[in-house]
Every structure is written in C-alpha cells, then in structure tokens.
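# An overview of the molecular structure
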Amino acid sequence: MAEITKAMGFRHYALVHHVDLKPAVRSVHIVDYPQDWVERFQARRLYASDPIHRASHRTNVGFAWSAVQSIISLTAADRSILAEAYEAGLGDGFTVPAHIPGELNGSCSFAMAAGEMLDHRQLPLVQLVGSFAFEAARKISRIHAPQSECPSLTERQAECVALVARGKTDWEISQILGIGQETVIQHVKDARDRYGVTKRTLLAIRALFDGQISFADVFGR
C-alpha cells in the first residue's frame, strides 16, 4: 500500500471498516494517516459520524473529498472535523466505498498532504486500486476468522420472503404464487428458522441485507 500510494502521488492511505475498534469485532483497519489525527479520531469514535465515511455510504463509486458536500449535507460539526483533519496534515483525498451485503461498510482512501493538489487524471486508476486493495485486506482479515455461513433460502422461500417484504399477507402470497396458504406459512416459518428470527419484518430486512432478495424483488415487479 505504501508503494502504490506513493506511485499514485498520494502521501497517506486508509483501509478501514467503519466500525469502532473493539476486540470482539474483526475488521479491516490499516491506516497511514498522521498519528495525531488517528489518535484523535479513535478517541472521539468518529467511525460512524465522519463525513467522508457517511458520504461513502451514499455512493458506490469513488469521490474526491473536496466534492463531499455534493453527496451529503455538511453540518457545522462535519466542517469542523474536516478542518481538524487538514490541520493535522491531511489535504484533499479520494475515497473508494466498499459495500458487501451482510458485512460492515468500509472504504479505501488515499490522501494528499495539506496544501497539495489532487491530480484528478489519476482518479480512474485510484478507483481500481482502492477496490482491489480493500478486497485483498478483507480476505486477509478473514483467513483466521471464525467462519459463519450466511443462511441460504430456497428459491420458493426467497419468493415468499420478497412478497412478505412487499407487505403481502400469507393468503395474498398463496394467490400470487399459486400455492396453498399453509404452504406459504411453512415456507415463511422455515425462512425465519434459518435466520433465527421471529418477526416477518426482521426476516425481510435480514434477507435483503444478505442478498437473498434484492430491491428489485421488492420494488421492481
């Protein structure tokens, strides 16, 4: 990371999941920012409130930090955080979001030193490097992690859950799919059991979050 960061003309990099650092949470956290800023960032637990992190949750493509206000509305607190980061030595930067269903949000960021100009001609390359770098770090972090399989739904269970997410009753689902109401009830129960949840709403959220159903399944048909 240090070599490619320098080759692309940046001074600093950060590969991180957007989560508070706790022993129980296995996450990617590889940061080469000024130490003073890293310590302040951690002490104030800015992982979720940091404006760059928040902006990365609103897009799937990389963005320059100077353009963050075109993605989210900046509060006075946001502007204060960005000003403090600049005073600590971080200038403009570029962040590549990392969103994987069922996992923590993360990002790969590259930063200039304060006062240096960002070379926008490099940004398509930075997007590629950031995506591959985060995936490599993610795989390394999972090598020794306890493996927990994502619950897998059958095709019929997924169809029922998608219709549950649309607010359909068991009877309505049975009419749409052409199967018995009791069969629908059993499919939904089996899906809840696989996720270990009791509420239909929570089942739909978990299945959507894990990629078992998609937004197109819920809204697009």
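Given the structure is predicted, the values throughout are model-derived calculations rather than measurements.

We now examine the overall build of the protein chain. A count of helices and strands for the protein chain gives 10 helices and 5 strands. In terms of C-alpha radius of gyration, the protein chain reaches 21 Å, well past the compact-globule figure of 17 Å for 221 residues. Partitioning the contacts of the protein chain with sequence separation of at least 6, the portion at a separation of at least 24 is 61%. A total of about 12,500 Å² of accessible surface is found on the protein chain, and carbon and sulfur atoms cover 54% of it.

What follows is about the pattern of salt bridges. The final tally for this structure, using the stated rule, is 10 salt bridges. The salt bridge involving Arg44 is made with Glu84; its shortest N-O contact spans 2.7 Å. Here Arg44, found in the loop between α2 (35-43) and α3 (51-56), pairs with Glu84, found in helix α4 (residues 76-87); they are 40 residues apart in sequence, far enough to count as distant. Close ionic contact of Glu135 with Arg138 constitutes a salt bridge, the shortest N to O distance being 2.9 Å. Of the two residues, Glu135 and Arg138 both sit in helix α5 (residues 123-142), 3 residues apart, roughly one turn of that helix. Each member of the salt-bridge network shares a partner with another, and the members are Asp36, Arg40, Arg44 and Glu84.

The next thing to look at is the nonpolar core. Nonpolar side chains tend to gather and get buried jointly when the protein is soluble and globular. With 20 residues, the main nonpolar core has Tyr33, Trp37, Phe63, Trp65, Val68 and Leu90 as its most contacted residues. At the level of secondary structure, the elements contributing two or more residues to this core comprise β1 (12-17), α2, α3 and α4. Ranked by residue count, the leading element in this core is α2, at 3 residues. Ignoring any residue separated from it by four or fewer positions in sequence, one finds Val68 in contact with Pro51, Ile52, Ala55, Phe63, Leu74 and Leu82.

Read from one edge of the open sheet, 5 strands run β2-β1-β5-β4-β3, paired in antiparallel fashion. In the strand order of this sheet, the two ends are held by β2 (29-31) and β3 (63-64), each with one partner. Sheet analysis places β3 next to strand β4 (residues 90-98), joined by 2 bridges and oriented antiparallel. Each bridged residue has a counterpart across the sheet, and for Ala64 the counterpart in β4 is Phe94.

Taken domain by domain, the protein chain comprises domain 1 (1-144) and domain 2 (155-219). Here domain 1 and domain 2 have C-alpha centroids that lie 37 Å from each other.

Further remarks concern helix α6 (residues 155-165). Within the span of α6, buried status applies to Gln157, Ala158, Cys160, Val161, Ala162, Leu163 and Val164. Against the buried residues of α6 lie α7 (170-177), α8 (181-195), α9 (200-209) and α10 (215-219). Of the residues trailing α6, Gly167 is marked for its positive phi of about 90 degrees.

Another point: the packing of aromatic side chains. Evaluation of the coordinates by the stated rule reveals 3 aromatic pairs. Seen in terms of ring centroids, Phe10 and Phe110 are 5.6 Å apart; in terms of plane orientation they differ by 40 degrees. Their pairing is tilted. Taken together, the positions of Phe10 in the loop between α1 (2-7) and β1 and Phe110 in strand β5 (residues 106-113) put the pair 100 residues apart, joining distant regions of the chain. Across the pair, Phe110 and Phe10 agree in class, each one buried. Where Phe41 meets Tyr47, the ring centres are 5.4 Å apart and the plane angle is 85 degrees; that geometry is what we call edge-to-face. When sorted by exposure, Phe41 lands in the same class as Tyr47, which is buried. Each member of the aromatic cluster is reached from another via a ring pair, and the members are Trp37, Phe41 and Tyr47.

About the criteria used
Residues numbered from 1 in each chain as written. Predicted model: local features only at pLDDT ≥ 70, side-chain atom pairs only at ≥ 80, totals over all residues. Heavy atoms only, no water. Helix = DSSP H or I, 4+ residues; strand = E, 2+ residues; numbered from the N terminus. Rg over C-alpha atoms; globule rule 2.2 N^0.38 Å. Contact = heavy atoms within 4.5 Å. Areas by Shrake-Rupley, 256 points an atom, 1.4 Å probe, with all protein chains shown as cover. Salt bridge = Lys/Arg side-chain N within 4 Å of Asp/Glu carboxyl O. Core = buried A, V, L, I, M, F, W, Y, C linked by side-chain atoms within 4.5 Å. Buried < 20%, exposed > 50% of the residue type's maximum accessible area, 1.4 Å probe, protein only. Pairing = 2+ DSSP bridges. Domains from an automatic or database assignment. Phe/Tyr/Trp six-rings, centres within 6.5 Å; stacked < 30°, edge-to-face > 60°.

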